[in-house]
Amino acid sequence: MDYQQKLAEKLTILNERGNGVLIRMNYIKKLCADPKLRPSILTDKAMEPAIKYINKKFPNIDFRGNIQHLTSIQRQKSEVLTATSSYYDSFMDVIEFRDHVYELLNTIDACQCFFDISVNFDFTKNYLDLIVTYTSVIITLSRIDDKKALVGMFNCAHEMTNGSSDPSYPRLGQMFVEYDHPWRKLTEEFGPHTRSVTTALLSLKMLYPRRNLPAEQWRSAQLLSLLSAPAAMLDPACCDTMACEYLSMEVMERWIIIGFLLCHSSLNSNQASQELWKMALRSGIYLILTRDEVLNIHKVSEDLFDSIKGYSKRVADIKECREHAIVNSQMAELLFHMEKLRGLMRKHIHVVQRYHVQYLAQYDALVLNDTIQNMYVCPEEESVLMTSFVSTLSALSIKQVDNKEEFDFRALRLDWLRLQAYTSVNKAPLPLKDYPDLAKVMNMIQFHTRTVDSLEELLQETSDVSILCFYPRVFEKMFIQSSEEMTMKRYLMAFPSVCSHFGHCGHPLCPEEMDSMEKKSLRLCVTFLEQIAKQTSSVVLEICAEQRNLHDQLLPKHCAETISAARHRKQKKPVQKKGEVQKEKPGAESLRKDRTVATNVDKMHLMLTELCSSYSLCSDFIVFNHIVVPAEFLLSHLETRLSEIIVIMANYNQTTQEIARPSDLLAGIRAYTTNLHSLSSYVNVDVTRLVKSVLLQQTQPLDSRGAQTVTTIYTNWFLESLLRQASNSLIVHCPTMQCFVSQTTDNEPTFRAEEFSDITELQALAELLGPYGLKFLSENLMWHITSQVSELKKMVIENMDILVQMKNNFDKPEEMSNLKKRLTGGENVLKRMTIIGVILSFRSMAQNCLNDILQKHCPYLMGPIECLRDLISPETDIKVTLSVFELASAAGLPCDIDPALVAAIGSMQTDNTSIDEEYKLSRLLLVYIAVSLPTLALDPNSYYSREHGGHNNNIHCLATAINQLAAAMFTIQNQSVEQQLKEFLMLASSALLQLGQNVERVESKNRESVYLLLHMIVEESPFLSQDMLESCFPYVLLRNAYREVYRSFVVTLG
């Protein structure tokens, strides 16, 4: 008969089912309490009268007499039925669960089962778990405020649809009414079960006090020490109550407090019960029923016992225990070590399996067999089970582990639970309490099998803290408290790692909540990782900033004072006056009198060590199927912050147009990157990838966050400050020194052009911006050029007729003189062409510096590109030519035809103008420039400076502008560039030769300087030669011009 009761199977199934029902009730409670998630049927204004009426009359609702209150349900009966059916079914699950629990508890009482946690552990645990789960379901159900409205609305809609109430409605309504005061009803229900419940609870009287000792006592007794008995270190771990050793304290406290609330009579009669109950009351303030559903144990106990006569002493005990309740908030270190141990167990699972498979086959099986042989009574059913235990364990082999076979001992453990049930009933043929050795061996075997086939489940049972998912504020507060303490920083990674537990919270009976739990878990995990990464990146970059300041002291610009002081000492100049503070030399910060005095850098390195230690916990972990890599969060933060710092170091002020020199910025970046590489000695991160990513983003107009980069900043500055002033001749292009030089003026310049545009600075700029950044700079330069070309075309169109006549009559001086008087805007044309020339000269300098940098970084790449460019000949197809030139130009190599300029001018053409018209405009533009050149002699700033190798008003840049503009325009129009430049040379020579016939020397005092322009145009042109120049302009004039301009140059020798 005892075998037919199937107590073990029922306990297992009901506990699993009960957990699902409990989670479902908790979900419904939260859903109804949250205004954002609340069912729409409860928030509908039209439903308010019906809900009020149902709550008032529940459960006896008159569906026919008061139909006016239920009109809204009548109108939407199908929608109401659909919306409330799932809730109704969930409440029906509670009734079904309650019925089965009643039946099982009565059967257990009828069988007068024996309970002892140290003997029939699984049977006792499942029994107490079922009582607590059932109580938690009822308490949670009673806290759902809208349960009556949901059930009442469903039944109304059912009645209106089908003409009758749901058959289960009366029982459901009655249950809701009964549990309006749940504790009163539950204590009545459990009155008959007091003996069984009390017996089970009192079996904890030895275990719970021993497990409830403070950590100090555990340490003093060396319970946590592996070295307390060195000789026994290699002995196999053995314990009479193995399963009890990893039983959760929280579970035991829940059993004791809820068990004695339900069956409280022994508290007044049994001293052991009182002591156990009082000890549990002192453990805390709240008891978790499930997730965030808690029980204020002191308040509930006090309220219940206040209403029962003869319990005044117990109320006093409750008040006393409440004062001693302790809440521990220091969790970071504990969580960290717990996660570390979990990781080690998972990592070495095969070692654990090998050990315990051998243990089971070569020790446990033999001990169990001996124990069975020594039993004087062994009924058939029990004998079959125990024999199967021995045979199963004896068949185990270490080869199974080596072959990675899957183990499954669930059947063995269920059979052991069955055996406990068979042998724990009254008058059992084989009473387990008489055979404690059998219980001890089987409990040990049960633990060993779990380490082999369900280690993950065992870890979850012993160290799962997924409950924190439902207390996000508490969890976040714990993290904040830990992050504020220096000694706790090394343990911070435990917080995001714990979020990997949260995936175990779900249950098949409540799949709807999984999405919200996933989002909550990921939000918490990401928040913690972001905070850790933020703290770590801040410390790293503070150290980098400190190192950058030290590195800055060693830059050449700071050595002037040191050199001056040394010179003074040599010349034995007077010693500095008292009161003047002597400047510290670089490196003085490293001199210390006392090593124990910690500097700011020492403290930062200590903090960095602590924070980086936390990253050693794990390289990655999984949260709801998302693989989380903590180091990537650190790299992401460093990337964002480093990008911001680089832009800040550029020190760009749009109002005052101040900016850091490219070489200074580059030195700062190098100091940062050098120090960042030391981070890889603290934590395993790819710093090289980080630096490459950040610097590559800085070569784009915007970074990954959409913020401005140094490419945009320097592009804007060079266009708005340097080139704008160069266009107004306040800054002169200096071919001799390959830079721009500021002119001496009455007003103090905001910056010195030579400090920002010499070869060193432009090489630093090329290093910072790279080919991508300089391409962006070129595109912006080209935009300015196209705007000038557009204006030039307008001027050509205005003077088209005169220019056509001048082109045809260039060899007739008198007619040219008359036509020139009618020509307007000659100076404006030359001014715009000079601006184009200045821009192109700057671009050429930047391209040359890019070439230098690339030759240094990737010479093996540059060689083939140069060869490819050199293979291009005039006969090559123009599309191929431009493609090769585009590649070469991107590498900083000079090309006969500028592909960027070709693309920019090509984009100006519209459908309204034909190629022939464009060709005509281009030819006339060259005519316009050629005939306007003599006017330059009238400008006093057209003086050629030997020192600069150019003219003071930048007209020497006309050579670059004319050559490159002509090459680009006539390439687009598929015309011969050489032919057009020859015509230009003839026109320009003719026009300039007219200057020689001018007897008034004053008007043409810079005539020789202007003559040199022709020579510069030919020298810079790949399409013209000196022979061509000499054929139309006497070389003697050029020679005399050079002699003249160099004669006036005063050479001073230091």
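Quick note: structure is the one above.
Sequence positions are assigned chain by chain, starting from 1 and proceeding in written order. Residue-level local features of this predicted model are given only where pLDDT is at least 70; pairs of side-chain atoms are given and counted only at 80 or more, and the full residue set underlies all totals for whole chains, interfaces and linings. To get the side-chain values, take all heavy atoms of the structure and skip hydrogens and water.

1. Concerning the overall build of the protein
Piece 1. Tallying secondary structure elements over the protein gives 48 helices and eight strands in all.
Piece 2. Computation of the radius of gyration draws on C-alpha atoms alone. For the globule rule, the value is 2.2 Å times the number of residues to the power 0.38. The C-alpha atoms of the protein give a radius of gyration of 46 Å, which is well past the 31 Å a tight globule of 1054 residues would have.
Piece 3. Projected onto its principal axes, the C-alpha coordinates of the protein cover approximately 140 × 85 × 65 Å.
Piece 4. For every residue, the accessible area (1.4 Å probe, protein chains only) is compared with the maximum for its type, and the residue is labelled buried under 20%, exposed over 50%, or partly exposed between those bounds. Scored against the burial criterion, the 1054 residues of the protein give a buried share of 49%.
Piece 5. Note on contacts: a residue pair is in contact if any heavy atoms of the two residues lie within 4.5 Å. For the protein, restricting intrachain contacts to residue pairs at least 6 apart in sequence, the fraction spanning at least 24 positions comes to 77%. Only runs of H or I of at least four residues qualify as helices and only runs of E of at least two qualify as strands under DSSP, and these elements are numbered from the N terminus.

2. Here's the deal with the state of the cysteines
As used in these notes, a disulfide is a covalent bond between sulfur atoms, one from each of two cysteines.
Piece 1. By convention in this document, the label disulfide applies to cysteine sulfur atom pairs within 2.5 Å. Going through the model one piece at a time under the given rule, you end up with zero disulfides.
Piece 2. Free cysteine C32: the closest other cysteine sulfur is in C510, separated by 12 Å.
Piece 3. For C32, a relative accessible area of 5% translates into the label buried.

3. Regarding helix α9 (residues 182-189)
The α-helix winds at 3.6 residues per turn, so residues separated by three or four positions along the chain end up facing the same way.
Piece 1. Within α9, burial applies to P182, W183, L186, T187 and E189. For α9, the angular spread of buried residues about the axis comes to 160°, placing them on one side. What points out from α9, more than 90 degrees from its buried face, is the exposed set R184 and E188.
Piece 2. Taken together, the buried residues of α9 touch α5 (77-110), α6 (121-142), α14 (249-262), β2 (293-296) and α17 (297-306). The arc under discussion is defined with respect to the helix axis, by the directions toward the C-beta atoms.

4. Digging into the packing of aromatic side chains
Piece 1. Aromatic pairs are defined between Phe, Tyr and Trp rings, using the six-membered ring for Trp, whenever the two ring centres lie within 6.5 Å; interplanar angles under 30 degrees are classed as stacked, those over 60 as edge-to-face, and all others as tilted. Under the criterion given, the structure shown has 31 aromatic pairs.
Piece 2. Geometrically, the ring pair formed by Y88 and F154 is stacked, given 4.1 Å between the ring centres and 25° between the ring planes. Placement of Y88 in helix α5 and of F154 in helix α7 (residues 147-162) is noted, with a sequence separation of 66 residues between them.
Piece 3. Look at Y88 and you get buried, because its relative accessible area is 3%.

5. Brief notes about unusual backbone geometry
Piece 1. Omega for the bond connecting F58 with P59 falls within 30 degrees of zero, at 0°, which places this linkage in the cis form.
Piece 2. In this structure, Q738 takes a positive phi of about 55° despite not being glycine.
Piece 3. Mapped onto the elements, Q738 comes out in the loop between β5 (731-734) and β6 (739-742).
Piece 4. On the basis of relative accessible area, Q738 is assigned to the partly exposed category, the value being 30%.

6. Quick notes on the nonpolar core
Piece 1. Ranked by size, the top nonpolar core spans 183 residues in total, and within it F475, L679, F740 and M833 carry the most contacts.
Piece 2. In contact with M833, other than residues within four places in its own chain, are L792, I929, L958, A961, I962 and L965.
Piece 3. By convention a nonpolar core is built from buried Ala, Val, Leu, Ile, Met, Phe, Trp, Tyr and Cys residues, the set being connected through side-chain atoms within 4.5 Å. Counting 112 residues, the second-largest nonpolar core is a separate cluster that includes I28, V101, M160 and L261.

7. Side note on the pattern of salt bridges
Piece 1. Here, a salt bridge means any Lys or Arg side-chain nitrogen found within 4 Å of an Asp or Glu carboxyl oxygen. What the rule picks out here adds up to 43 salt bridges.
Piece 2. One connected set of salt bridges, linked through shared partners, spans E9, D415 and R418.

8. Digging into the pairing of β6
Piece 1. Neither face of β6 is left uncovered, since the one carrying C739 and V741 and the one carrying F740 and S742 both have all their residues buried.
Piece 2. With four bridges connecting them, β5 and β6 associate as antiparallel partners. Looking at the pairing, I731 lines up with S742 of β6.
Piece 3. Each pair of strands is called paired provided DSSP finds at least two bridges between the two strands. Taking the residues that link successive antiparallel strands as the turn, the β5-β6 hairpin has four residues, and the phi of Q738 there is positive, at about 55°.

9. Observations regarding the packing of α5 against α7
Working note: a packed helix pair is described by the angle between its axes plus the distance between those axes.
Piece 1. Note on geometry: axes are lines fitted to C-alpha atoms, helical ones only across the stretch in contact, with angles between N-to-C directions running from 0 to 180 degrees. Across the interface, α5 lies against α7 with an axial gap of 8 Å and an inter-helix angle of 125°. As summarised for this structure, α5 and α7 are arranged oblique, according to the angle between their axes. Our pair here, α5 against α7, has a crossing hand that is left-handed. Between α5 and α7, the contacting residues are K77, V80, L81, T84, S85, Y87, Y88 and F91 on the first element and K147, L150, V151, M153, F154, A157, H158, M160 and T161 on the second.
Piece 2. When residues are sorted by character, Ala, Val, Leu, Ile, Met, Phe, Trp, Tyr, Cys and Pro go into the nonpolar class, Asp, Glu, Lys and Arg into the charged class, and all the rest, Gly among them, into the polar class. Residue composition of the contact of α5 with α7, grouped by class: 11 nonpolar, four polar and two charged. When describing relative orientation, an angle under 35 degrees is termed roughly parallel and one over 145 degrees roughly antiparallel, while 65 to 115 degrees is termed roughly perpendicular and anything else oblique. The handedness criterion is simple: a crossing whose near helix is rotated anticlockwise from the far helix by less than a right angle is left-handed, and one whose near helix is rotated clockwise is right-handed.

Interpretation note: all reported values are geometric properties and have no functional meaning in isolation.
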